[in-house]
Amino acid sequence: MNILDKPAPEAAEALVGLMLVRRLPDGRVIRARITETEAYFRQTDTACHARFGRTKRSEVLYHRAGTIYVYLCYGIHWMLNLVTGPEDDPQAVLIRGVEGASGPGRVTKYLGIDGSLNDTALGEELWLEDDGFRPALQRTGRVGIGYASAEDQARLWRFVAV
């Protein structure tokens, strides 16, 4: 089973330790180990962009596992998410950190990722590699979701390599 075919909370946990690889437009390749992820799971998750149903913004979340979802946060920072689970079941994993860049806005800046990758598939420009490394993990609450319900804020769907 492909790691992204899993429900977002399971995929978020499994992604920590994998290599995220970016081929830049100039041909250079950057490899960065994923150190932190966060899961967003279905329309019932009040922290998920799909909480309002299928909209222009959330449509990508309903696509196939392995689709890249990139959006602009606060009009400043690009956020990289990988769609997980079955098609038409909106869920994704936010890549919050990689070695060399802590924080989702720094991740996209470090890897040269912007909105041009939104709604594309993992492949020639961005892909995952598994070299077998599995770090110890800490599960915590998600960050920056004060608008979500108390129940959804309390979910331990953030995974950090320790």
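Parameters at a glance
Residues numbered from 1 in each chain as written. Predicted model: local features only at pLDDT ≥ 70, side-chain atom pairs only at ≥ 80, totals over all residues. Heavy atoms only, no water. Helix = DSSP H or I, 4+ residues; strand = E, 2+ residues; numbered from the N terminus. Rg over C-alpha atoms; globule rule 2.2 N^0.38 Å. Buried < 20%, exposed > 50% of the residue type's maximum accessible area, 1.4 Å probe, protein only. Contact = heavy atoms within 4.5 Å. Areas by Shrake-Rupley, 256 points an atom, 1.4 Å probe, with all protein chains shown as cover. Lys, Arg positive; Asp, Glu negative; His and termini not counted. Charge placed at Lys NZ, Arg CZ, Asp CG, Glu CD. Arc of directions from axis to C-beta. Phe/Tyr/Trp six-rings, centres within 6.5 Å; stacked < 30°, edge-to-face > 60°. Lys NZ or Arg CZ within 6 Å of the ring centre and 35° of its normal.

Caption draft 1: Structural view of the overall build of the protein. From N to C terminus, the protein includes three helices and 10 strands. Since a compact globule built from 162 residues should have a radius of gyration of about 15 Å, the 14 Å found for the protein is in line with a globular shape. Viewed in the frame of its principal axes, the protein has a C-alpha envelope of about 40 × 35 × 35 Å. Out of the 162 residues belonging to the protein, those deemed buried represent 51%. Nonlocal contacts in the protein, meaning residues at least 24 apart in sequence, comprise 59% of its contacts between residues at least 6 apart. Counting every atom, the protein has about 8,000 Å² of accessible surface; 50% of that belongs to carbon and sulfur. For the protein, the separation between the mean place of its 20 positive charges and that of its 21 negative charges on side chains is 4 Å.

Caption draft 2: Structural detail: helix 1 (residues 8–15). Most of helix 1 sits out of view: six of its eight residues are buried. Tucked inside the fold, the buried residues of helix 1 contact strand 2 (29–41), strand 4 (77–83), strand 5 (91–98), strand 8 (126–129) and strand 10 (158–161). Of the residues trailing helix 1, G17 is marked for its positive phi of about 105°.

Caption draft 3: A look at helix 2 (residues 104–111). Turning to helix 2, its buried residues number three or more, namely P104, G105, V107, T108 and L111. Down the axis, helix 2 shows its buried residues gathered within 160° of arc, on one side only. Structural note: helix 2 exposes R106 and K109 on the side pointing more than 90 degrees away from its buried face. Packing partners of the buried residues in helix 2 comprise strand 1 (19–23), strand 2, strand 4, strand 5 and strand 6 (101–102).

Caption draft 4: The arrangement of the packing of aromatic side chains in detail. This model, assessed by the stated rule, comprises two aromatic pairs. Measuring from ring centre to ring centre gives 5.8 Å for F41 and W157, while their planes differ by 90°; the resulting arrangement is edge-to-face. In this pair, F41 is assigned in strand 2 and W157 in the loop between helix 3 (150–154) and strand 10, connecting sequence segments 116 residues apart. With a centroid separation of 5.3 Å and 35° between ring planes, the pair formed by Y69 and Y71 is classed as tilted. Residue class for Y71 comes out buried when judged on its relative accessible area of 15%. The positively charged end of R57 is found above the aromatic ring belonging to Y71, 4.9 Å away from the centroid.

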